[in-house]
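Overview (structure and organization)
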Protein chains: 2
Amino acid sequence: MTHLPTFAQIQDAAARIAPHARVTPVMRSDALDALAGAQLHFKCENLQRGGAFKFRGACNAVWALDEAAAARGVVTHSSGNHGNALALAAATRGIRAHVVVPEGAVRAKLEAIERAGAVLHRCAPTQAAREATTAQLVQDTGAVLVHPYADTQVMAGQGTIALELLAQAPGIDALVTPVGGGGLASGVAIAAHALRPELSLHAAEPAGADDAARSLARGERVTDVVPDTVCDGLRALVGTPNLDALRRHRIDVITVTDAETIAAMRLLWQELKLVVEVSSATAFAAILKAGERFAGRHVGVVLTGGNVDLDALPW
Amino acid sequence: MTHLPTFAQIQDAAARIAPHARVTPVMRSDALDALAGAQLHFKCENLQRGGAFKFRGACNAVWALDEAAAARGVVTHSSGNHGNALALAAATRGIRAHVVVPEGAVRAKLEAIERAGAVLHRCAPTQAAREATTAQLVQDTGAVLVHPYADTQVMAGQGTIALELLAQAPGIDALVTPVGGGGLASGVAIAAHALRPELSLHAAEPAGADDAARSLARGERVTDVVPDTVCDGLRALVGTPNLDALRRHRIDVITVTDAETIAAMRLLWQELKLVVEVSSATAFAAILKAGERFAGRHVGVVLTGGNVDLDALPW
């Protein structure tokens, strides 16, 4: 049973990752504010080490291990960014990382994982295959599983984004993240509500992988969704503790189509001059789609990553 | 006869544009440092207002006008970024801007100029046509010509980049800018050498528009070069005062092919997660090409702009 992190664990995570992670900037755009009818504060985790917020959680998990556990190495399954992050985090501690990646993952991401020094293990692109291959590796090597999102220390690491963002943009009254497995959404919710209980929390989910929205509507975790979306970082099913956090923190899930997300991605590139990956753009797409919920407000928007195959842009 | 700005004029420019321009960040990348064998400090003028450094010079020129001159408006010719910058700068003072643009200019840039409220005037894509159309507008409207680079206040505005960069990255011992008309290279040279006379200064020029390199080699301004390069921001011939500054400040001009520039642009997007336009990438291409001149040094690199047609990427 994986517990949700406490606010104290998120504060510990911030101290633990500080020597390794970047404090990413918050950017603004008059043009995007005008389109949204709101004041948007973009937290640029595409500029995080490894090009995605995932480094925070992975780094916290790696450095939270005791010496004996760390010596056996770490293992995970990931469509890319968490795997890359775990590889980089393991390197900061000088330990081995094994990464299970599904067939069809973005090439640029796989190359980055190998450059970071991890061992890649390929598997079929299903949740079951990922989990089975990972379990076998844990058995064979004794490595510690660092789950991409249903892991207390990973959620705590992702929650540090909210600590930074609320210090950098203290006037925000709403916060939007993408939701895939829910590690980001849950960590951010716990930290944000500890500091500012009145903040409204929103999560953007691709319509083609809307298990979080369905799970909240049905009141139990829906596991029969077959992901069909260009958002390669958001195909995972929401985790059990993560869904619990979404419910407890009354997170408003907004579903967006791939077309809406791709249009939002193009606007972000054009106006912010930032390379952000398609999964990242769901948050801005959700703001444009559900404009009435954000009108006139100061909204924090987490741009989750920038690892893009520049030869295969979606427009 | 246009004079080069003094250091005092550059300091005045910094104070004049401070309420309107952004202090752009300096970014680093371990991966790009490793490729270059040097410590690179990227000054991100793609994040400047209007998406390019040109706003500095245009803003300084607009606000340096006396009331009577300002009331008649301003006019310029530009392949895009200076025109956009002048339009935005004129809007900050509430005055009219006329912009002469050559046929074939980047569509995204023209749209931005119109959004900023300027009046567009199209002409043939030659230096002669630009200058004739502009002269006619000055005669017809009484507007003040703000030349894109051979203008004292424009050069002074561009020089403010060096003031900021040397404060943000005090350890640099070399500085690289692209060179087209030479407004940036000359302004930066004057400011940088006033503060740090020992700094080595380098300018990157497309091989297909290498009039600055030829002019320095021949000892006089070469005007018979027909530009043939994808670098749409660097097709202008180096100006007379600008060439004088290149010579006085012993600027090392490095020519790069379009293929080298496009490869450098792709690396900047991939590793910095920044959208930079092709002209901007000449500076990094020059560092990779002339690696021995920069080995082990701390190098300031001006990323000049990020206004890209996202439907027509050059790779």
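Cut-offs applied
- Along every chain, residues carry numbers that run from 1 in the direction the sequence is written.
- Each chain is given a letter, starting from A, and each ligand a number, starting from 1, according to the order in which they appear as written.
- Totals for whole chains, interfaces and linings use every residue, but because this is a predicted model, local features are given only for residues with pLDDT of at least 70 and side-chain atom pairs only at 80 or more, for both listing and counting.
- As a rule here, side-chain values come from all non-hydrogen atoms in the structure, and water together with hydrogens is ignored.
- Remark: nonpolar core denotes a set of buried residues (Ala, Val, Leu, Ile, Met, Phe, Trp, Tyr, Cys) joined through side-chain atoms within 4.5 Å.
- Buried, partly exposed and exposed residues are distinguished by accessible area as a fraction of the type maximum, computed with a 1.4 Å probe on protein chains only: under 20%, between the cut-offs, and over 50%, respectively.
- Two residues qualify as a contact provided that any one of their heavy atoms is within 4.5 Å of a heavy atom in the partner residue.
- Those domain boundaries reflect an automatic or database domain assignment.
- Here the quantity called buried area is the total loss of accessible area, with a 1.4 Å probe, experienced by two parts when brought into contact, counted for both.
- By convention in these notes, a salt bridge is any Lys or Arg side-chain nitrogen within 4 Å of a carboxyl oxygen on Asp or Glu.
- Here a polar contact is recorded for every N or O atom pair within 3.5 Å, except that within protein the pair must consist of a potential hydrogen donor and a potential acceptor, and residues adjacent in sequence are included only if both atoms are side-chain atoms.
- Helix and strand definitions follow DSSP, with helices as H or I runs of at least four residues and strands as E runs of at least two, each counted in order from the N terminus.
- Simply put, an axis is a line fit to the C-alpha atoms, just over the touching stretch for a helix, and the angle between two N-to-C directions goes from 0 to 180 degrees.
- Angular relationships are summarised with four words: roughly parallel below 35 degrees, roughly antiparallel beyond 145, roughly perpendicular across 65 to 115, and oblique for the angles in between.
- Note on residue classes: Ala, Val, Leu, Ile, Met, Phe, Trp, Tyr, Cys and Pro are nonpolar, Asp, Glu, Lys and Arg are charged, and everything else, Gly too, is polar.
- For two strands to pair, DSSP has to find at least two bridges joining them.
- The definition of a right-handed crossover adopted here requires that, viewed with the strands pointing away, the path from the first strand over the helix to the second runs clockwise.
- In a helix, the anticipated span is given by 1.5 Å times the number of residues less one.

Let's shift gears to the nonpolar core. Most often, soluble globular proteins have nonpolar side chains that are buried together. Ranked by size, the top nonpolar core spans 78 residues in total, and within it Trp269 of chain A together with Trp269 of chain B carry the most contacts. When residues no more than four places from it in sequence are discounted, the contact partners of Trp269 of chain A are Leu274, Val275, Val276, Val308, Leu310, Leu313 and Trp315 of chain A together with Trp269, Val275 and Leu310 of chain B.

Residues and elements named next belong to chain A. Split by domain assignment, chain A resolves into domain 1 (7-52 + 151-303) and domain 2 (55-145). The distance between the C-alpha centroids of domain 1 and domain 2 comes to 23 Å. Residue-level contacts link 26 residues of domain 1 with 18 residues of domain 2. Both faces considered, domain 1 and domain 2 share a buried interface measuring about 1,800 Å² in area, 53% of it formed by carbon and sulfur atoms. Where domain 1 touches domain 2, the interface holds two salt bridges. At the junction of domain 1 and domain 2, the tally comes to ten residue pairs in polar contact (both at pLDDT 80 or more). Sorting the residues of the side of domain 1 that touches domain 2 by element identifies α1 (7-17) and α8 (152-168) as the ones contributing at least two each.

All right, on to the packing of helix α1 (residues 7-17) of chain B against helix α8 (residues 152-168) of chain B then. Residue and element names in this part refer to chain B. Running from N to C, α1 and α8 point in directions that differ by 80°, and their axes come no closer than 8 Å. Between α1 and α8, the interaxial angle falls into the category roughly perpendicular. Residue-level contacts link Phe7, Gln9, Ile10, Gln11, Ala13, Ala14, Arg16 and Ile17 of α1 to Thr152, Gln153, Ala156, Gly157, Gly159, Thr160 and Leu163 of α8. The class makeup of the residues in the contact of α1 with α8 is seven nonpolar, seven polar and one charged.

Moving on to the sheet that holds strand β6 (residues 144-145) of chain B. All names here are of chain B. Spatially, four strands are ordered β5-β4-β3-β6 in an open sheet, and the strand pairing comes out parallel. The open sheet has two free edges, formed respectively by β5 (119-123) and β6, since each of these has just one partner strand. Relative to the sheet, helix α6 (residues 107-115) contacts β4 (97-102) and β5, its axis offset from that of β5 by approximately 145°.

Time to look at the sheet that holds strand β1 (residues 26-27) of chain B. Residues and elements named next belong to chain B. Here six strands make up an open sheet; going across it, the order is β1-β2-β10-β7-β8-β9 and the pairing mixed. Every interior strand has two partners, whereas the edge strands, β1 and β9 (252-256), have only one. With five bridges connecting them, strand β7 (residues 174-178) and strand β8 (residues 200-206) associate as parallel partners. Along β8, the bridge assignment pairs Thr177 with Ala203. The sheet contacts of helix α9 (residues 183-195) involve β7, β8 and β10 (298-303), and relative to β7 the element is tilted by about 165°.

Moving on: the pairing of strand β5 (residues 119-123) of chain A. All names here are of chain A. One ladder, built from five bridges, connects strand β4 (residues 97-102) with β5; its direction is parallel. Counterpart to Val99 in the pairing with β5 is Leu120. Since β4 and β5 lie parallel, the crossover through helix α6 (residues 107-115) that links them has a hand, and here it is right-handed.

Turn by turn, an α-helix covers 3.6 residues, leaving residues three or four places apart pointing in a common direction. Taking 1.5 Å of rise per residue, 17 residues should cover 24 Å, and α8 of chain A covers 25 Å from first to last C-alpha, within 8% of that figure. The backbone nitrogen of Gln153 of chain A has a side-chain oxygen 2.9 Å away, supplied by the residue at the start of α8 of chain A, namely Asp151 of chain A.

Further remarks concern the environment of Thr126 of chain B. Inspection of the secondary structure puts Thr126 of chain B in the loop between β5 and α7 (127-141). Sequence separation between Thr126 of chain B and Arg22 of chain B is 104 residues, and the spatial gap between their C-alpha atoms is 33 Å.

Residues and elements named next belong to chain A. This structure, assessed with the given rule, holds 26 salt bridges over all chains. Two residues, Glu67 and Arg93, come together in a salt bridge whose shortest N-O distance is 3.4 Å. Placement of Glu67 in helix α4 (residues 67-71) and of Arg93 in helix α5 (residues 81-93) is noted, with a sequence separation of 26 residues between them. Residue class for Glu67 comes out exposed when judged on its relative accessible area of 62%. Classification of Arg93 as buried rests on a relative accessible area of 17%. Among the ionic pairs, Asp244 bridges to Arg248, the shortest N-O distance being 3.0 Å. Taken as a pair, Asp244 and Arg248 lie in helix α11 (residues 240-248) at a separation of four residues, close to a single helical turn. On the basis of relative accessible area, Asp244 is assigned to the partly exposed category, the value being 23%.

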